[in-house]
Structures are given as structure tokens and as C-alpha cells.
Amino acid sequence: VQVPIFTMSAEPIKVCVTGAGGQIAYSLLFALAKGDVFGPNQNVILTLLDVEPVMEVLKGVVMELDDCAFTTLKGVIPTSNPEVAFKDVDVALLVGAMPRKDGMERKDLLAANVKIFKEQGKAIDSVAKKTVKVLVVGNPANTNALVCAEFAPSIPRSQFTCLTMLDLNRARSQIAQRVGTQSQQVKNVIIWGNHSSTQYPDVSHAVVVGADGSQTAIRQAINDDAYLNGEFIKTVQTRGAAVIKARKLSSAMSAAKAICDHVRLWWFGTPQGEYTSMGVISDGSYGIAVGLCYSFPVAIAGGQISIVQGLSIDDFSRKQMEATQAELVEERDAAFEIVKA
């Protein structure tokens, strides 16, 4: 019997996960350690950052990671010190954030998170590799990513992203169910704007791929613009709230899967002719204000993210894109008002 030989990479990838004692991280750490993101032959070292009261919980998480006996996991470093957590990391997954509590005003939530992401940005700037890839998941993710980038001036802004892959996966799944296919057959759906209820899931350029490889435009395949411009958008925009209502907890398993998808595409690139969606710092493409962290259609090659250019934007789409931009401008202005205070 021949035994397959796997050559392990000599140099481990160092990955920091913040909010490491939380729900999303519990699913995410398993996938990272198992090789689902960087491949079965790539060693990883995980640094787990959380606040001091969670350190006892993290001990249990580390025990479980040990007990999984992963072949690709070469080290685990639990800590409450951002400078330890981000030291020489290749990838920083900023999952942890202050959750909104009963009676909390949005500005209070923003104030708490500006402080967290300012501190983490400074630590990343100080000790992470200058090539670090930063993904912000903690909400409000777009604005938190912008604050983090602001306080890490030595790291190129192109290396800061926020997660809209969860919204994209939700959109593709809804379309696939409507068409009667698998979600991986649904290509080039776009999430524009904020990871919030103003986001715009756009199928104007999306296709469904048939068993024979033929491509049909989604609008043609579904043939129901009232649904695509109404119920579909609303379902994707409010899916997070629907999960909380049903489960009494926020999305965790699906969020962890989306983080894995985002990082894998950033690491390995998008397939030829396809694009994905990520929150990136705007360069003014599609008339979106320069400097906002806004979700665009992007293609990735060699670890470099490029906003897909030249897509036609109809009046309906333009209106949706501007509405979500307005919310992001408001969030940004409020966040930087707090920073200056």
C-alpha cells in the first residue's frame, strides 16, 4: 500500500485572531489549525488575543486545540497584550469588538470600538510584519477598519480590509435556492458599501453556471425583477438580525466560514474571470468618496487586491450605492470626531 507523502512548509504562517474566546473564533480557530485556509501542507502559529477576564476561557480553547492534534498547528500563544499578539504576524483577523448592549446608543458603541481599533492599529503598526494582511470583522466593520488603518501609518492602506464575504455568501445562497442550483455555481454577485442593513447586494453582473459550463445572467435565470430589487435585497440586508431572532445568538459558524473564504481568496487569488467582494479603502472608483472603507467587487492576484473597473451602473444601483455611502460617511465622521476628542 502506497502512503501519500505530504511535504510540510518549513516556515509557518503566523496568524492573530482577536476576540479569540468568542463564538466566531471557536469555529474559526478549528478551520485555521486544520489547514482549511492556507492548505494542508502549510504550518501555522496562532496568536489568540482577548481581554484579561477571558484568559481562563482561552486556556480551555488552547487545551482543545492541543487535543485536536493538528499536524499543521505549530504553536498557540494566548495573550491579553496586543503587542504580543501582533508580533511578526502575517495575517491579523480582528474579530473581537464591543457588542451592542441593551439601551446602548450607536454613538456609544462607536466610541468604545474606536478606542479598541485605535489601540490595535497602533500595535499592528509597531510590531506586525509590514506585509501583514488585516481583516476586520468586529462591527461596525468598515469604520473599524478605517480607524485601524489610520493608526497604522507604516502599513499600506491596501492591506486593510473588512468582511462582506458573509453578505456575499448569503446572497449567493438565496439566488442558488431560487434557481435550484448550488451556491458555487452563482458567480460575480457584488456587495456594495457598508456591512449593515444599507448594504446593496447587486446581481446586475452576476451569472449562474450550468452543468455544461454555459452562463446565464441571474436576471434572466430568475426573471423576476420585483423579487431581485425587493425581497432578495431585504433578505440579505436583514439576515444577521433574522439569525439572532431565531438562534438568540449572532451568526458565528457562517461568519467563521466567510472569514476563511475571504482570507483564502486574498492568499491564493480569485479565479480568472471571477471577482469577489471585500471592504477596501476607496480610491474613488464608481464615484465613491476617496478614503472610505467601502465594499467593492475585487479581483486578487499575487496577494494584491484590485477594484474591478468598468462595470455599468444603472440608476437603481446608483441610488442604493449612494445610500450606503451616506451611512459610511456619517459613521466615519462620528468616529474621527471621537478620535480628535
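Above this text is the structure in question.
From a predicted model like this one, the values you see are computed outputs, not experimental measurements.

Q: Just to check I follow, could you spell out the nonpolar core for this structure?
A: For soluble globular proteins, nonpolar side chains are generally found buried alongside one another. The biggest cluster of nonpolar side chains holds 74 residues, and the ones touching the most others in it are L93 and I259. Residues contacting I259, with those up to four places away along its chain left out, are I24, L28, L93, V95, L135, V137 and L163. Judged by nonpolar contacts, the second largest core, of 32 residues, contains F86, A92, V136 and F151.

Q: Explain the pattern of salt bridges here, please?
A: As a working rule, side chains carrying opposite charge can pair if their charged atoms are close by. Within this structure, the stated rule accounts for 11 salt bridges. Here K34 ties to D36 by a salt bridge, and the two come within 3.1 Å at their closest N and O atoms. Assessed through its relative accessible area of 41%, K34 is described here as partly exposed. Notably, a salt bridge pairs R157 with E150, separated by 2.5 Å at the nearest N-O pair. Overall, the relative accessible area of 37% leaves E150 in the partly exposed class. Sharing partners across several salt bridges, the network here consists of K257, D261 and R264.

Q: Help me understand the side chain of R170, please; the structure alone is not making it clear to me.
A: Inspection of the secondary structure assignment puts R170 in helix 6 (residues 165-179). Ignoring any residue separated from it by four or fewer positions in sequence, one finds R170 in contact with V236, R239, G240 and S251.

Q: I'm lost on the sheet that holds strand 10 (residues 207-209) in this one. Help?
A: Pairing between the strands of a sheet is mediated by backbone hydrogen bonds and can be parallel or antiparallel. Ordered in space as 7-10-11, the three strands form an open sheet in which the pairing is antiparallel. Single-partner strands in this sheet number two, and they are strand 7 (186-187) and strand 11 (215-217). Two strands pair when backbone bridges link them, and strand 10 and strand 11 are joined in this way by three bridges, in the antiparallel orientation. Counterpart to V208 in the pairing with strand 11 is T216.

Q: I'm lost on the state of the cysteines in this one. Help?
A: In protein chemistry, a disulfide is the covalent bond that joins the sulfur atoms of two cysteines. This model, assessed by the stated rule, comprises zero disulfides. Residue C16 stays outside any disulfide, its sulfur separated by 11 Å from that of C148, the closest cysteine. C16 gets classed as buried once you look at its relative accessible area, which sits at 0%. Free of any disulfide, C68 has its nearest cysteine sulfur in C260, 14 Å distant. C68 gets classed as partly exposed once you look at its relative accessible area, which sits at 36%.

Conventions we followed
Residues numbered from 1 in each chain as written. Predicted model: local features only at pLDDT ≥ 70, side-chain atom pairs only at ≥ 80, totals over all residues. Heavy atoms only, no water. Core = buried A, V, L, I, M, F, W, Y, C linked by side-chain atoms within 4.5 Å. Buried < 20%, exposed > 50% of the residue type's maximum accessible area, 1.4 Å probe, protein only. Contact = heavy atoms within 4.5 Å. Salt bridge = Lys/Arg side-chain N within 4 Å of Asp/Glu carboxyl O. Helix = DSSP H or I, 4+ residues; strand = E, 2+ residues; numbered from the N terminus. Pairing = 2+ DSSP bridges. Disulfide = S-S within 2.5 Å.

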